[in-house]
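What the coordinates show
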Amino acid sequence: MAICDVCGNEYDKSFEIRRGPVTYTFDCFECAIHRLAPQCAHCACRVIGHGVESEGQIYCCANCARKQGVTDVADRGDGPSGLGEIGRAAGQGL
Ligand SMILES: [Zn+2]
Ligand SMILES: [Zn+2]
């Protein structure tokens, strides 16, 4: 049994996440995301995947990065090469 650092719930299926020297205890992933996931510098949503990092800022997607003035980023699907990636992936599924 351990107590969640975020909501205080004491739960037998709690778990720990260690980041650097600090160990956190959570009762669920939602609480872990609330405490640890970075926020997009443009839309403020929680970044729980890889996100996009540029000049020390983290964005949820290339679109948000571009809206903050970052020009050298692209999501899959942006531009001709991205469309090619999607086409190949779809072809493999058939
Ligand atoms: Zn919790
Ligand atoms: Zn965003």
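Residues numbered from 1 in each chain as written. Chains lettered and ligands numbered in written order. Predicted model: local features only at pLDDT ≥ 70, side-chain atom pairs only at ≥ 80, totals over all residues.

Quick look at the overall build of the protein chain now. The number of helices and strands found in the protein chain is three helices and six strands. The order of helices and strands in the protein chain, counted from the N terminus, is β-β-β-β-α-β-β-α-α. In the protein chain, buried positions account for 14% of the 94 residues. Restricting the contact set of the protein chain to residue pairs at least 6 apart, pairs at least 24 apart contribute 11%. (Helix = DSSP H or I, 4+ residues; strand = E, 2+ residues; numbered from the N terminus. Buried ≥ 20, exposed ≤ 12 C-beta atoms within 10 Å, placed from the backbone. Contact = placed C-beta atoms within 7 Å.)

Looking now at the nonpolar core. Counting residues in hydrophobic clusters, the biggest one holds seven residues: Cys40, Ala41, Val52, Tyr59, Cys60, Cys64 and Ala65. With residues up to four places along the chain from it excluded, the contact list for Ala41 reads Gln57, Ile58, Tyr59 and Gln68. (Core = buried A, V, L, I, M, F, W, Y, C linked by C-beta atoms within 7 Å.)

Let's shift gears to the confidence of the model for the protein chain. Taken over all residues, the pLDDT of the protein chain has a mean of 86, while the share at 70 or more is 81%. Mean pLDDT values over the elements of the protein chain span from 46, in helix 3 (residues 79-93), up to 98, in strand 4 (residues 22-26). (pLDDT = per-residue confidence, 0-100.)

A word on the environment of Cys31. Position of Cys31 among the secondary structure elements: in helix 1 (residues 29-36). Separated by 24 residues in the primary sequence, Cys31 and Cys7 have C-alpha atoms spaced 7.2 Å apart. Apart from the residues lying within four places of it in its own chain, the contact partners of Cys31 are Cys4, Val6, Cys7 and Phe26.

With that settled, the discussion passes to the pairing of strand 3 (residues 15-19). Burial within strand 3 is sparse, with just zero of its five residues counted as buried. The hairpin formed by strand 3 and strand 4 contains two residues between the paired strands, and Gly20 there has a positive phi angle of roughly 60°. (Pairing = 2+ DSSP bridges.)

Another aspect to go through is the pairing of strand 4. With five bridges connecting them, strand 3 and strand 4 associate as antiparallel partners. Bridging from a neighbouring strand, Arg18 pairs with Thr23 of strand 4.

Take the environment of Ile48 next. Mapped onto the elements, Ile48 comes out in the loop between helix 1 and strand 5 (52-54). As a C-alpha pair, Ile48 and Leu36 span 12 residues in sequence and 9.3 Å in three-dimensional space. Apart from the residues lying within four places of it in its own chain, the contact partners of Ile48 are Ile33 and Ala37.

The backbone phi angle of Ala44 is positive, close to 70°, even though this residue is not glycine. Tracing the sequence through the fold places Ala44 in the loop between helix 1 and strand 5. A positive phi angle, close to 50°, is found at Glu55, a residue other than glycine. Inspection of the secondary structure assignment puts Glu55 in the loop between strand 5 and strand 6 (57-59).

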